[in-house]
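Tertiary structure, described
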Amino acid sequence: RFATLGVTPSMQPTHLTSDRPWAAERLGAERLRGAYAWLAIAPDLRTLAFGSDFPVESPDPLAGSASARTRRVARGAEPFEPKKALDGRQALLAFTRGAARAGFDEGRHGRRVKGLRGDMTLLDLDPVECDPARLEQARVLGVVLAGRVRRAP
């Protein structure tokens, strides 16, 4: 229905990891089954945007991607409904293309295509293929703004 209406749901995957310790008690078992169900809301991912909900949560999109991919509260913890986890490509699309669409800016941002602005972050790992546990330790090597390479802070 979101796609039919042209609505982009904006979700914050880190809420799963920070809310999980108390969610069952406050939401109840039935409502919890429908919580953090990103693919149920946007199965084709064309209408899903991820963000951080800063300052409530960390603004780091790599932490959000790790949450979306592992669905774990902490390293070693049992994941919450692991079959609903996203893969690396799905998480990246929600944080890039989906976020640009939610901001009505998909004509300038969110994809690597000729004619778009060319903003990106250069990391020391592949955020799509790496083990999601490594995402929060990734180092920023630099950034590209409007097609110009900048050094890391």
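Here the structure is shown first, and the text comes after it.
In what follows, the accompanying structure is described.

Rules and cut-offs
Residues numbered from 1 in each chain as written. Predicted model: local features only at pLDDT ≥ 70, side-chain atom pairs only at ≥ 80, totals over all residues. Heavy atoms only, no water. Helix = DSSP H or I, 4+ residues; strand = E, 2+ residues; numbered from the N terminus. Contact = heavy atoms within 4.5 Å. Areas by Shrake-Rupley, 256 points an atom, 1.4 Å probe, with all protein chains shown as cover. Lys, Arg positive; Asp, Glu negative; His and termini not counted. Charge placed at Lys NZ, Arg CZ, Asp CG, Glu CD. Expected span 1.5 Å × (residues − 1). Bend = angle between axes of the 7 residues up to and from the residue. Buried < 20%, exposed > 50% of the residue type's maximum accessible area, 1.4 Å probe, protein only. Core = buried A, V, L, I, M, F, W, Y, C linked by side-chain atoms within 4.5 Å. Pairing = 2+ DSSP bridges. Phe/Tyr/Trp six-rings, centres within 6.5 Å; stacked < 30°, edge-to-face > 60°. Salt bridge = Lys/Arg side-chain N within 4 Å of Asp/Glu carboxyl O.

Attention now goes to the overall build of the protein. Assigned secondary structure in the protein consists of six helices and five strands. Going residue by residue from the N terminus, the α and β elements of the protein occur as α-β-α-α-α-β-α-α-β-β-β. Based on the C-alpha atoms only, the size of the protein along its principal axes is roughly 50 × 40 × 30 Å. The contacts in the protein between residues at least 6 apart in sequence include a share of 61% that link residues at least 24 apart. Surface summary for the protein: the accessible area is close to 9,600 Å², and the carbon and sulfur share equals 52%. When the 25 positive and 18 negative side-chain charges of the protein are each reduced to one mean point, those points stand 6 Å apart.

Turning our attention to helix H6 (residues 88–102). Given 3.6 residues to a turn, an α-helix orients residues that are three or four positions apart in the same direction. Along its 15 residues, H6 runs 20 Å from first to last C-alpha, staying within 8% of the 21 Å computed at 1.5 Å per residue. Of all the bends in H6, the greatest measures close to 35° and is centred on Ala 94. If you check which residues of H6 are buried, you get Gly 88, Gln 90, Ala 91, Leu 93, Ala 94, Phe 95, Gly 98 and Ala 100. Contact partners of the buried residues in H6: helix H4 (38–41), strand S2 (49–50) and helix H5 (61–70).

It is worth spelling out the nonpolar core at this point. Side chains that are nonpolar tend, in soluble globular proteins, to be buried together. One finds Leu 32, Tyr 36, Trp 38, Leu 48, Phe 50 and Ala 68 to be the most contacted residues of the largest nonpolar core, which totals 17 residues. Those elements that provide at least two residues to this core are helix H2 (14–27) and H6. The biggest single contributor to this core is H6, with three residues.

In terms of strand pairing, strand S3 (residues 120–123) meets strand S4 (residues 140–145) through four bridges, oriented antiparallel. Paired with Leu 122 across the bridge in S4 is Gly 142. In the sheet, S4 pairs with strand S5 (residues 148–151) via four bridges, with the strands oriented antiparallel. By the bridge assignment, Leu 145 is partnered in S5 with Arg 148.

Here the focus is the packing of aromatic side chains. According to the stated counting rule, one finds three aromatic pairs in the structure shown. Measuring from ring centre to ring centre gives 5.5 Å for Trp 38 and Phe 50, while their planes differ by 80°; the resulting arrangement is edge-to-face. Here Trp 38 is found in helix H4, whereas its partner Phe 50 is found in strand S2, with 12 residues between them in sequence. For Trp 38, a relative accessible area of 2% corresponds to the buried category. Counting every residue linked through ring pairs, the aromatic cluster contains Trp 38, Phe 50 and Phe 95.

Right, let's get into the pattern of salt bridges. Inspection of the entire model under this criterion finds five salt bridges. Notably, a salt bridge pairs Asp 105 with Arg 108, separated by 3.2 Å at the nearest N-O pair. Arg 108 gets classed as partly exposed once you look at its relative accessible area, which sits at 47%. Where Arg 117 meets Asp 119, a salt bridge forms, and the shortest distance between an N and an O atom there is 2.7 Å. Under the relative-accessibility criterion, Asp 119 is labelled partly exposed at 32%.

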